[in-house]
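Chains, contacts and geometry: an overview
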Amino acid sequence: MTTIGEFLEDNGEKVFLVVYFAVMVIVAGPLFLSLGEAWQASDIVRPAILALNPLLGVTLEQFSALMFGLYLGLLVLVTLDPKKRVQGILLCLGTVSALVALLSIGLFIPNIDFGANIVWVLGGFVGGGLVGGGPKLLEVRTASALEFRRSATLLFYLISAIVVGGLVEFHLNLPQILQVSAETVRIVPPTPEVSVEWSGIGVNTLMAAVFVVTLRRFVTYDASENFFVLGPQGSGKSLFLVGKYLAALDDAVGREADTPLNPSSDLMELVGSLDAASKDTGWKLDATGQTDVEDLNFNFVDGRVFPKNIQLSSLDYAGEYLERLPNALMSPDDEIDNSTLRLLAQRVRDANTLILIIDVERYHNNEPLEIEPYFDILDVASNKDVLLVATKCDILAEEFRDKQALEAHQYFDEFREFVSETLIENNQTVRTLVQDTSGSNIHPVYYQTTTDENGERVPMRDRNGNVMTVGFDELLEKMG
């Protein structure tokens, strides 16, 4: 039986979608009903808008049509944004709910002749499209994503200003400053009297707060995670990054106008080398030179409904720096005399989550895992989330097949549990590491391999010559 945590991990976006749908539709109706009543008794905003007629010749009907067009222009851009499409649709439903609430008390739609004021509506729509970034629709995009961040931000401030301003007008009886007639605007000396309407203030404030917070979640673009991979030399960090990139690339194929992956040149060299290899030549990946440091990183977007930007990176180097890393993390950058170690420490500090590699090949060969430095690193780099990843698990996949007569790629959940139990029960260092990371699960990944005539493991390839990976897609979802 699945736990609540596992259910939310697998279906979190759907759950939040239902919650946000309820908030936008259920809360918007009664909230804007109160705002409509606030408009009718307004002491500040309504007289200021009515003053536009004698001063500029703009009637209340024309101003309302203009602002409605502006709102629609911004909302359309948000709906056209691939990252905000679902949120835009929900905002449309919330808008309908709000308009129905205002209609029930005879406000807004009954008071506007849209046929006579179509020019004002179109003018506002075009204006909203222009200030919201609409010209991007005419651009040819290559290395940048189609996003309308300014439109989402303006929409948030516009709606929030209406909600907060209306709430203040509804519960505060303020002194009238402007006296407006058909031809003149006169400033009235304000009286110091201010009274508060306490009835319903708690419910209205709560609804307004929930609405604004939910709306803020809708327009947020920069929800992001930064993952950094650590592991001993030769533990499979490079191939892990390549496998993750290939999984992210496959995931991006089904997306429309998505954010570019922007892989580093070092990573693409590894991808190209692996892609050019054949069954006879094995992996065809050169060892990192003694003085070389390869910067392996790329970006990807996780989530279809509420996308999150994720960066995954690692450094591949010839020397062993894990043992020196804890001291470097405790030292200022100017006191670290090695440029590679300095860069490594900077990346660890910047990361939200550390991915710690466990080399299954070393475990299988009864060799030291060399993961003892992880403990000191975790002590120094506090407040970091941790993912434990077992690489080269094709070895355990064969053992899983022999013991349970199951294929790892077809029964991956069972295989993941088998890998965790095997490593924890047979290696005290791994057991302690799992305990020190709050019982973290160990996530297995591997390339499907076969044995050549020399007894060496080489990657299996499909009919198109592509390597076949297991566990990377599942880890891609988990990292979101």
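The shown structure was predicted, so the numbers you read here are calculated from the model rather than taken from an experiment. (Residues numbered from 1 in each chain as written. Predicted model: local features only at pLDDT ≥ 70, side-chain atom pairs only at ≥ 80, totals over all residues. Heavy atoms only, no water.)

1. With respect to the overall build of the protein
Heads up, the condition is: A run of H or I in DSSP becomes a helix once it reaches four residues, and a run of E becomes a strand once it reaches two; helices and strands are each numbered from the N terminus. Accessibility here uses a 1.4 Å probe with only protein chains present; expressed as a share of the type maximum, an area under 20% marks a residue as buried, one over 50% as exposed, and anything in between as partly exposed. In this description, accessible areas are obtained by the Shrake-Rupley approach with a 1.4 Å probe, and a residue is regarded as covered only by the protein chains that are shown.
The helix and strand inventory of the protein stands at 18 helices and 14 strands. Out of the 480 residues in the protein, the part that is buried amounts to 44%. By element, 55% of the accessible surface of the protein is carried by carbon and sulfur atoms, the whole surface being about 24,500 Å².

2. Some details on the environment of Val 23
Heads up, the rule is: Contact criterion: two residues are considered in contact whenever any of their non-hydrogen atoms come within 4.5 Å of each other.
Looking at the element boundaries, Val 23 is found in helix H1 (residues 4-40). Put simply, Val 23 and Thr 214 are 191 residues apart on the chain and 7.5 Å apart in space, counted from C-alpha to C-alpha. Setting aside residues no more than four positions away along its own chain, Val 23 makes contact with Ala 28, Val 210 and Thr 214.

3. Some remarks on the pattern of salt bridges
Convention followed: One speaks of a salt bridge when a side-chain nitrogen belonging to Lys or Arg is within 4 Å of a carboxyl oxygen belonging to Asp or Glu.
On inspection of all chains with the given rule, the structure shows 10 salt bridges. For Arg 347, the salt bridge is made with Asp 295, and the minimal N-O distance between the two is 2.7 Å. With Arg 347 in helix H12 (residues 339-350) and Asp 295 in strand E6 (residues 293-302), this residue pair connects regions lying 52 residues apart in the sequence. For Asp 295, a relative accessible area of 22% puts it in the partly exposed group. A salt bridge links Glu 407 to Arg 401; its shortest N-O distance comes to 3.2 Å. Here the salt bridges share partners, and the residues they tie into one network are Asp 359, Glu 361, Arg 362, Glu 370 and Lys 392.

4. Notes on the UniProt feature "transmembrane region" (unreviewed entry) in the protein
Selection criterion: UniProt positions are given in the numbering used here, feature names are shortened, and annotations may be inferred rather than shown by experiment.
This chain's UniProt record puts "transmembrane region" (unreviewed entry) on residues 15-35, 55-77, 89-109, 115-133 and 154-174. Each end of residues 55-77 is marked by a C-alpha atom, and these two atoms are 33 Å apart; helix forms 87% of the span and strand 0%.

5. Examining the packing of aromatic side chains
The cut-off we apply is this: Each pair of aromatic rings taken from Phe, Tyr and Trp, with Trp reduced to its six-membered ring, is defined by centres within 6.5 Å and is described as stacked if the planes are under 30 degrees apart, edge-to-face if over 60, and tilted in the remaining cases. Consider the ring centre and the ring normal. A charge sits over the ring if Lys NZ or Arg CZ is within 6 Å of that centre and within 35 degrees of that normal.
A full pass over the atoms with the stated rule returns 12 aromatic pairs. Ring centres 5.4 Å apart and planes at 65° place the aromatic pair Phe 68 and Phe 108 in the edge-to-face group. On the criterion of sequence distance, the pair formed by Phe 68 in helix H4 (residues 60-80) and Phe 108 in the loop between helix H5 (85-104) and helix H6 (118-131) is long-range, its members being 40 residues apart. In this structure Phe 68 comes out as buried when scored by relative accessible area, which is 17%. Accessibility expressed as a relative area gives 22% for Phe 108, which makes it partly exposed. The structure contains a cluster of three or more aromatic residues connected by ring pairs, namely Phe 400, Phe 412, Phe 415, Phe 418 and Tyr 446. Lying across the ring of Phe 156, Arg 216 places its NZ or CZ 5.2 Å from the centre.

6. A closer look at the side chain of Lys 384
Counted only if it meets this: Here Asp and Glu are counted as negative and Lys and Arg as positive; His is not counted, and neither are the chain ends. Polar contacts, as used here, are pairs of N or O atoms within 3.5 Å; protein pairs need one atom able to donate a hydrogen and one able to accept it. Residues neighboring in sequence count only if both atoms are side-chain atoms.
Positionally, Lys 384 belongs in the loop between helix H14 (373-380) and strand E9 (385-391). One buried charged residue, Lys 384, remains without a salt bridge, the closest side chain of opposite sign being Asp 350 at 6.8 Å. In terms of polar contacts, Lys 384 uses its side chain to reach the backbone carbonyl oxygen of Arg 349, at 2.7 Å. A polar contact is formed between the side chain of Lys 384 and the backbone oxygen of Ala 351, at a distance of 2.6 Å. Excluding anything up to four places from it in sequence, Lys 384 contacts Val 348, Arg 349, Asp 350, Ala 351, Asn 352 and Leu 354.

7. Thoughts on the nonpolar core
Here is the rule we go by: For our purposes a nonpolar core is just a set of buried Ala, Val, Leu, Ile, Met, Phe, Trp, Tyr and Cys residues, chained together by side-chain atoms within 4.5 Å.
One finds Leu 230, Phe 240, Ile 355 and Phe 415 to be the most contacted residues of the largest nonpolar core, which totals 76 residues. No other element matches the seven residues that helix H9 (residues 237-253) contributes to this core. When sequence neighbours within four positions are dropped, the list of residues in contact with Phe 240 reads Val 229, Ile 355, Ile 357, Val 389, Thr 391, Val 445, Phe 472 and Leu 475. The next biggest cluster of nonpolar side chains, apart from the first, holds 29 residues, and it includes Val 23, Ala 98, Ala 152 and Phe 211.

8. Thoughts on H6
Worth spelling out the cut-off: The length a helix should cover is 1.5 Å for every residue beyond the first. By arc we mean the arc of the directions from the helix axis to the C-beta atoms, nothing more.
Compared with an ideal rise of 1.5 Å per residue, which puts 14 residues at 20 Å, H6 spans 20 Å between its outermost C-alpha atoms and is within 8% of the ideal. Buried within H6 we find Val 121, Gly 124, Gly 128 and Gly 129. Projection of H6 onto a plane perpendicular to its axis shows the buried side chains occupying an angular sector of 135°, all on one side. Exposed residues pointing more than 90 degrees away from the buried face of H6 are listed as Val 119 and Leu 130. On its buried side, H6 packs onto H4. Gly 133 sits one or two residues past H6 and shows a positive phi near 100°.

9. Here's the deal with a nonpolar patch on the surface
Cut-off, in case you're wondering: Excluding any residue in a salt bridge, patches collect residues exceeding 30% relative accessible area, merging like charges within 9 Å and nonpolar Val, Leu, Ile, Met, Phe, Trp and Tyr side chains within 5 Å.
On the surface, a cluster of nonpolar side chains totalling about 790 Å² of accessible area is made up of Val 76, Leu 80, Phe 125, Val 126, Leu 130, Val 131, Leu 137, Leu 138 and Leu 154. Within the residue set of the nonpolar patch, elements represented by two or more residues are H4 and H6. Per-element accounting of the nonpolar patch gives the leading share, four residues, to H6. Mapped onto the elements of the fold, Leu 80 is located in helix H4. For Leu 80, a relative accessible area of 35% puts it in the partly exposed group.

10. A few points about unusual backbone geometry
A positive phi angle is found at Phe 108, which is not glycine, with a value near 65°. With a phi angle near 55°, Ala 405 is a residue other than glycine that sits in the positive phi range. Mapped onto the fold, Ala 405 is located in the loop between helix H15 (394-404) and helix H16 (412-426). Residue classification places Ala 405 among the exposed residues on the basis of a relative accessible area of 64%.

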